[in-house]
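Per-entry structural report
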Amino acid sequence: MATDDRGDRRPVRVWVDGCFDMAHFGHANALRQAKKMGDYLVVGIHSDEEITKHKGPPVMTEQERYKMVGAIKWVDEVVEGSPYVTTLETMDKYNCDFCVHGDDITMTADGQDTYAEVKNCGRYKECRRTAGISTTDMVGRMLLLTKTHHDREHEAHPPRKQVEELGTGHEARSPWTGVSQFLPTTQKIAQFSEGGANPQPGDRIVYVSGAFDLFHVGHLDFLQKARQEGDYLIVGLHTDPVVNWYKGSNHPIMNIHERTLCVLACRYVSEVVIGAPYTVTKELMDHFSVDVVVHGRTPYPPDRDGSDPYRVPKELEKFKRIDSDNDMTTSKIIKRIISNRLNFEARNKAKEEKEIRAFENLQKQMASGECFLEES
């Protein structure tokens, strides 16, 4: 809590801003950390025009990004069209005490630190960046893939070496995602589960299952509609090999641990079953006291033995199909990347070069005594 002019205690308001392109668990983790530094979290999101000017074209539209960030459970307020350079004027407009950003470099098109003003005034704090995930990395995972590669009827996989170099060049952690530096821990899952509660007596339990790969606005709208079917929403996530079996090619793009955190960060989700069976069994429904099993309008393949994976809830008259009214899919995101391949390759290359220049300038300033780093 902070103190106002009269000495009364008031909630600490925290400001965070960014692009939040292809919003993922790394973004969610930064927002989680920022929220813990105060009481109320305000998130400013840059427009498509601002991002294109300073970084290159975003993958997701501004309206998609506004909706995704607004659904992250630690966010209290979203400011649309926030300026790319963070100013005291903006923070004061929304009564924010300080701003928070990850410990990475953010610069304008002309190479200036976007947080210089608030840093100089002592109203800047840093949180830890989540290792192993970034929008650049996710774009990189898809840049070497072709439309043919993601065609269900074209099952040829890219060479092993090509897959391992996808995105960051580090050795692949999963044979299904191709690349992942993210190392899951029980602590991280517990942090993302915070705020969750057990179902209360009389609650209507809703169950959905799927891949939820590259968690996007289509998933978000579906989960919001599913939550409206009851009081407690459980999401079952299929394993990487199972997703690869029914989606083919090099799916999923994100491994099950990454997908778990993305789904857990959604404010409509109450619980996640990690490695849920493809077929919804009576044992599963009894274990979680499921009242209704929900699926979207998209078709689903039969299980390996040819059976309907939703036979049991259908027989129990506990199955319902809903329409999210959103036609976004993981495949459409991949197609956006592939169709704009050259633009995104140039964006990633430019970002890398800009960060190298910034680091070199910082080293020069330190060597000349123009700046110094405080000891932690």
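The structure this text deals with has already been given above.
Everything numeric in this text was worked out from a predicted model, so none of it was measured. (Residues numbered from 1 in each chain as written. Predicted model: local features only at pLDDT ≥ 70, side-chain atom pairs only at ≥ 80, totals over all residues. Heavy atoms only, no water.)

Some words on helix 1 (residues 25–36)
- For helix 1, spanning twelve residues, the distance from its first C-alpha to its last is 16 Å, which sits close to the expected 16 Å at 1.5 Å a residue.
- Within helix 1, ten of the twelve residues are buried, which leaves it mostly tucked inside the rest of the structure. (Helix = DSSP H or I, 4+ residues; strand = E, 2+ residues; numbered from the N terminus. Expected span 1.5 Å × (residues − 1). Buried < 20%, exposed > 50% of the residue type's maximum accessible area, 1.4 Å probe, protein only.)

Re the side chain of R259
- Here R259 shows up in helix 11 (residues 256–264).
- What makes R259 buried here is its relative accessible area of 0%.
- Only 2.7 Å separates the side chain of R259 from the side chain of D240, close enough to count as a polar contact.
- The contacts of R259, once residues within four sequence positions are left out, are G210, A211, F212, D213, L237, H238, T239, D240, V243, P252 and M254. (Polar contact = N/O pair within 3.5 Å; in protein donor to acceptor, adjacent residues only side chain to side chain. Contact = heavy atoms within 4.5 Å.)

Quick notes on the pattern of salt bridges
- On inspection of all chains with the given rule, the structure shows 15 salt bridges.
- Across the pair K67 and D221 runs a salt bridge, and its minimum N-O distance is 3.2 Å. Taken together, the positions of K67 in helix 3 (residues 62–70) and D221 in helix 9 (residues 217–227) put the pair 154 residues apart, joining distant regions of the chain.
- The buried category is assigned to D221, whose relative accessible area is 10%.
- Here R311 makes a salt bridge to E315, at a shortest N to O gap of 3.0 Å. (Salt bridge = Lys/Arg side-chain N within 4 Å of Asp/Glu carboxyl O.)

Considerations on the environment of D231
- Tracing the backbone through its elements, the reader meets D231 in the loop between helix 9 and strand 9 (232–237).
- Taking the C-alpha atoms as reference points, D231 and Y268, 37 residues apart in sequence, are found 9.8 Å from one another.
- Residues contacting D231, with those up to four places away along its chain left out, are G202, D203, R204 and S270.
- Polar side-chain contacts of D231 include one of 2.7 Å to the backbone nitrogen of R204.

A word on the packing of helix 1 against helix 8 (residues 186–193)
- With their axes 11 Å apart at the nearest point, helix 1 and helix 8 run at an angle of 70° to one another. In this view, helix 1 runs roughly perpendicular relative to helix 8, as classed from their interaxial angle. Pair helix 1 / helix 8 crosses with left-handed handedness. For the pair formed by helix 1 and helix 8, the contact residues are F25, A28, N29 and R32 on the first element and K188, Q191 and F192 on the second.
- Partitioning the contact of helix 1 with helix 8 into residue classes produces three nonpolar, two polar and two charged. (Axes fitted to C-alpha atoms, helices over the stretch in contact; angles between N-to-C directions. Parallel < 35°, antiparallel > 145°, perpendicular 65-115°, else oblique. Left-handed = near helix turned anticlockwise from the far one by under 90°. Nonpolar A, V, L, I, M, F, W, Y, C, P; charged D, E, K, R; others polar.)

Notes on the sheet that holds strand 4 (residues 40–45)
- Strand order in this open sheet of five strands is 5-4-3-6-7, and the pairing throughout is parallel. The open sheet terminates on both sides in strands that have one partner only, identified here as strand 5 (77–80) and strand 7 (124–127). Going across the sheet, the axis of each strand differs from the next one's by a mean of 30°, ignoring polarity.
- Here six bridges tie strand 3 (residues 13–18) to strand 4, and the two strands are oriented parallel to one another. Each bridged residue has a counterpart across the sheet, and for D17 the counterpart in strand 4 is G44.
- Set on the sheet, helix 1 makes contact with strand 3, strand 4, strand 6 (98–102) and strand 7; between it and strand 4 the angle comes to about 140°. (Pairing = 2+ DSSP bridges.)

Some words on the pairing of strand 6
- Most of strand 6 is tucked away: five of the five residues are buried.
- Of the two faces of strand 6, the one lined by F98, V100 and G102 and the one lined by C99 and H101 are each fully buried.
- Across two bridges, strand 3 lies against strand 6 in parallel orientation. Bridge assignment links V14 to a residue of strand 6, and that residue is F98.
- For strand 6 and strand 7, the ladder comprises four bridges, and the chain directions are parallel. Looking across to strand 7, one finds that G102 is bridged to C127.

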